[in-house]
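Letter by letter, the chains look like this.
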Amino acid sequence: MPKLRESPTRRMDRAFLAALRYGQAMRGETNPDTVKIVTVSTSAFYKKLKDPGTFSVMDARILAQRYFTDRQLCEAFGVEYHGGG
C-alpha cells in the first residue's frame, strides 16, 4: 500500500503543536497553565489543540511570544527560516 504524502497544512499543524509542547516543557508548564493565558475557555482550548488552524490570531500571538523560537514559528507557519547560527 502506498504511503500518503502529508499535506502542507497538516505538517504546519504538527509543527505548531510540537513547538507548543516544547515551549511548555521548557517552562515547566502544562495545558491548564496555558489555558490561563489565552482568551478561550478550557474546553475550547482543547478543541483548538485538535485543529490548531482554529486558534485566533490573538491567541496565536500570545502562544508564539511565550513558547516559540524563531525557527519554530517559521516551521509552524510554513515560512523558510533564514536565521543565523
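No experiment lies behind these values; they were computed from the predicted model shown.

Just to check I follow, could you spell out the layout of surface pockets for this structure?
Here the idea is plain: a probe the size of a water molecule rolls over the atoms and shows the empty space left. Considering only enclosed or pocket space, the largest pocket measures out at about 180 Å³ in volume. Along the walls of the largest pocket sit T9, M12, D13, F16, P52, G53, F55, S56, V57, A60, A76 and F77, which together make up its complete lining. Contributing elements (two or more residues each) for the lining of the largest pocket: α1 (8–27) and α4 (57–67). A total of 4 residues in the lining of the largest pocket trace back to one element, the largest contributor, which is α1.

Could you clarify how one ought to interpret the packing of aromatic side chains in this entry?
Aromatic ring pairs are described here by two measures, namely the spacing of the ring centres and the angle between the planes. In total, this model carries 5 aromatic pairs according to the counting rule given. Centre to centre, the rings of F16 and F55 are 5.6 Å apart; their planes meet at 40°, and the pair counts as tilted. Of the two residues, F16 sits in helix α1 while F55 sits in the loop between α3 (42–50) and α4, which places them 39 residues apart along the sequence. A centroid spacing of 5.8 Å and a plane angle of 80° characterise the contact between F45 and Y46, whose relative ring orientation is edge-to-face. Here F45 falls in the buried class, since its relative accessible area comes to 0%. Here Y46 falls in the partly exposed class, since its relative accessible area comes to 35%.

Please explain the pattern of salt bridges as it appears in this structure.
Pairing between side chains becomes possible if they bear opposite charge and their charged atoms approach one another. Counted by the stated rule, this structure contains 2 salt bridges. For the salt bridge of E6 with R14, the shortest nitrogen-to-oxygen distance reads 3.2 Å. A salt bridge links R66 to E29, with the shortest nitrogen-to-oxygen separation between them at 2.5 Å. A residue pair is termed long-range when its members are at least 10 positions apart, and R66 in helix α4 and E29 in the loop between α1 and α2 (31–35) qualify at 37 residues. On the basis of relative accessibility, which here comes to 16%, the residue E29 falls in the buried class.

What's the story with the nonpolar core in this structure? I'm lost.
Generally speaking, soluble globular proteins have nonpolar side chains that are buried together. Counting residues in each nonpolar core, the largest one holds 14 residues, and the members touching the most others are F16, L20, F45, L49, F55, L63 and F68. Of all the elements in the fold, those that place two or more residues in this core are α1, α3 and α4.

Could you clarify how one ought to interpret α3 in this entry?
In an α-helix, one turn spans 3.6 residues; hence positions three or four apart end up facing the same way. Regarding α3, the residues found buried are F45, K48 and L49. Down the axis of α3, the buried set is contained in an arc of 105°. They therefore lie on one face. Opposite the packed face of α3, turned more than 90 degrees from it, sit the exposed residues K47 and K50.

Conventions used here
- Residues numbered from 1 in each chain as written.
- Predicted model: local features only at pLDDT ≥ 70, side-chain atom pairs only at ≥ 80, totals over all residues.
- Heavy atoms only, no water.
- 1 Å grid on protein atoms, 1.4 Å probe; cavity = no way out; pocket = protein on both sides within 12 Å on 5 of 7 lines; lining within 4 Å.
- Points joined across faces, edges and corners; volume = space filled by probe spheres on them.
- Helix = DSSP H or I, 4+ residues; strand = E, 2+ residues; numbered from the N terminus.
- Phe/Tyr/Trp six-rings, centres within 6.5 Å; stacked < 30°, edge-to-face > 60°.
- Buried < 20%, exposed > 50% of the residue type's maximum accessible area, 1.4 Å probe, protein only.
- Salt bridge = Lys/Arg side-chain N within 4 Å of Asp/Glu carboxyl O.
- Core = buried A, V, L, I, M, F, W, Y, C linked by side-chain atoms within 4.5 Å.
- Arc of directions from axis to C-beta.

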